[in-house]
Amino acid sequence: MPKRDLLNLISLPLKDFNWIMKRAGEYKKGFVLLRPLENQSIGLLFEKASTRTRVSFDVGITRMGGHPLFLSFDEIQVKRGESIEDTARVLSSYLDGLIIRTYAQEDMELWAKHATVPVINGLTDLYHPCQILTDLFTIYQNRGPLKGQKLTYIGDGNNVAHSLLIGGAKVGMDITISSPKSRQPNKDIVTKAETLAEIKGSKITLEPDPAKAAEDADILYTDVWVSMGDEDKKASLMKALKPYQINEDLLSKAKADCLVMHCLPAHRGEEITGAVMDGPNSVIFEQATNRLPVQQAILEFYLKR
Ligand code: CP
Ligand code: NVA
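Calculation rules
Think of each chain on its own: its residues are numbered from 1, step by step along the sequence as written. Just so you know, chain letters begin at A and ligand numbers begin at 1, following the order they were written in. A pLDDT threshold of at least 70 governs which residues receive local features in this predicted model, and a stricter bar of 80 or more applies before side-chain atom pairs are shown or counted, although totals over entire chains, interfaces and linings include all residues. Note that the side-chain values use all heavy atoms of the structure and ignore hydrogens as well as water. Here a strand pair is declared whenever DSSP counts at least two bridges between the two strands. Strands here mean DSSP runs of E at least two residues long; helices mean DSSP runs of H or I at least four residues long; both are numbered from the N terminus. Between N-to-C directions, angles span 0 to 180 degrees; the directions come from axes that are lines fitted to C-alpha atoms, helices contributing only their stretch in contact. Note on contacts: a residue pair is in contact if any heavy atoms of the two residues lie within 4.5 Å. Counted as salt bridges are all cases of a side-chain nitrogen of Lys or Arg within 4 Å of a carboxyl oxygen of Asp or Glu. Ring geometry is summarised as follows: Phe, Tyr and Trp rings, the Trp one being its six-membered ring, pair when their centres sit within 6.5 Å, and such pairs are stacked at plane angles under 30 degrees, edge-to-face over 60 and tilted between the two. Each residue is placed in one exposure class: buried if its accessible area under a 1.4 Å probe, protein chains only, is under 20% of its type's maximum, exposed if it is over 50%, and partly exposed if it falls in between. Distance and angle both matter: a charge sits over a ring if NZ of Lys or CZ of Arg is within 6 Å of the ring centre and within 35 degrees of the ring normal. For this purpose, a residue is taken to be near a molecule or strand whenever a single non-hydrogen atom of the residue falls within 4 Å of it. Residues adjacent in sequence count toward polar contacts only when both atoms are side-chain atoms; beyond that, a polar contact is any pair of N or O atoms within 3.5 Å, and within protein one must be able to donate a hydrogen and the other to accept it. Using a 1.4 Å probe, the Shrake-Rupley method yields the accessible areas, and only the shown protein chains count as cover for residues.

(A) Region of the structure containing the sheet that holds strand 7 (residues 204-206). In space, the 5 strands of this open sheet follow the order 7-6-5-8-9, with parallel pairing throughout. In the strand order of this sheet, the two ends are held by strand 7 and strand 9 (259-262), each with one partner. With strand direction ignored, the average angle separating the axes of adjacent strands in the sheet is 20°. Strand direction decides the pairing type here: strand 5 (residues 150-154) and strand 6 (residues 174-178), joined by 5 bridges, are parallel. Each bridged residue has a counterpart across the sheet, and for L151 the counterpart in strand 6 is I175. Taken strand by strand, helix 5 (residues 129-143) contacts strand 5, strand 8 (219-222) and strand 9, and its axis lies near 165° from that of strand 9.

In structure tokens form, the structure reads like this:
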């Protein structure tokens, strides 16, 4: 069987998505296959900072009997000019899988093309598939079937927004993105999501007014105003995104039992207030906890099945 990679959610068939969701539920309940990653070494190659993705993959691999090997880009020869092509080839001869966090999605695809072992995208500037699989799992666990639920994303039209558009559309959710003009999501990704949504009979909406966007939402979701790699644009981002905060006023526009979500890390007082983050609608820390069982299911699916 050819190796499988998880580079984005576009190419993930619905039956495979359903398998991952079901298995994640089993991992969460404590069901563990007998060390499915026994004798496997998996590289964690990170070019950007990470708390959740790095630690949950490391712990997940260890619990599954495998050996995680963390490799910062700063400490491998890539930093000194060795090509991705050569590095991918060499690492594939020692390792059984690669989890990569990098900037350009094109680089992620290059790693996958030249690695002979599965590559899992642990975030690029364009996508964050492992996060969104966890988010959909968290919504399902709290609310049941995903189809027809309205998720409104408030804030920067970034990697998280892009993967929510694709993942949400795939499962028939109505996705509304509320971002300022200067930070709209990528047009091609919106078009892809619209095509997927049409198949499912759901809607993709771009609504720059956050109050309108929040109306009747089943889920309100946000992310940092300044993503990794955008630090040089901090001042203009903070200004443009100021009206895009999840606070009690915005929450009051949504359904009373609306779930509040955030992929974390959060900047309290910027994209979300502390009161909402710690309030009764928030499932933010449950979301973070779910990274572990969902990624165990992802690891089993891509490295073992
Ligand atoms: N949500 C998320 O991916 O967090 P980290 O950047 O800490 O991995
Ligand atoms: N959009 C954020 C997500 C962090 C998990 C970033 O790319 O920095």
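(B) Fine view of the pattern of salt bridges. This structure, assessed with the given rule, holds 14 salt bridges. Put simply, E38 and R35 hold a salt bridge, and the shortest N to O gap is 2.9 Å. Where salt bridges share partners, they join K22, R23, E26 and E300 into one cluster.

(C) Spatial organisation of the packing of aromatic side chains. Going through the model one piece at a time under the given rule, you end up with 5 aromatic pairs. With a centroid separation of 4.9 Å and 75° between ring planes, the pair formed by F301 and Y302 is classed as edge-to-face. In this structure, F301 and Y302 share a single accessibility class: buried. Joined through ring pairs, the aromatic side chains of W19, F301 and Y302 make up one cluster. One residue, R4, lies across the ring of F301, its end atom 4.0 Å from the ring centre. Seen from the ring of F70, R54 lies directly overhead, with NZ or CZ sitting 3.3 Å from the centre.

(D) Region of the structure containing the sheet that holds strand 2 (residues 67-72). Strand order across the open sheet formed by 4 strands is 2-1-3-4, with parallel pairing between neighbours. A single partner strand is all that each edge strand has here, and the edge strands are strand 2 and strand 4 (119-121). Each strand axis lies, on average, 20° off the axis of its neighbour in the sheet, ignoring direction. Alignment of strand 3 (residues 97-101) against strand 4, held across 3 bridges, turns out to be parallel. Looking at the pairing, L98 lines up with V119 of strand 4. Lying over the sheet, helix 2 (residues 52-63) contacts strand 1 (41-46), strand 2, strand 3 and strand 4, oriented at roughly 175° with respect to strand 1.

(E) Expanded view of the site of ligand 1. The full set of residues close to ligand 1 is S50, T51, R52, T53, R101, H128, Q131, C263, L264 and R291. A distance of 2.7 Å is found between an oxygen atom of ligand 1 and a side-chain nitrogen or oxygen belonging to T53. For ligand 1, the accessible surface in isolation is 260 Å², of which the surrounding protein chains cover 96%.

(F) Region of interest: the environment of E26. Following the sequence through the fold, E26 ends up in helix 1 (residues 14-28). C-alpha of E26 to C-alpha of A104: the two residues are 78 residues apart in sequence and 34 Å apart in space. A polar atom in the side chain of E26 sits 2.9 Å from the side chain of R23.

(G) Region of interest: the pairing of strand 8. Side chains of strand 8 alternate between two faces, with I219 and Y221 and L220 and T222 buried alike. Here strand 5 pairs with strand 8 via 4 bridges, running parallel. Bridge pairing in strand 8 links T152 to L220. Here strand 8 pairs with strand 9 via 4 bridges, running parallel. Considered in strand 9, the bridge of L220 is made with V260.

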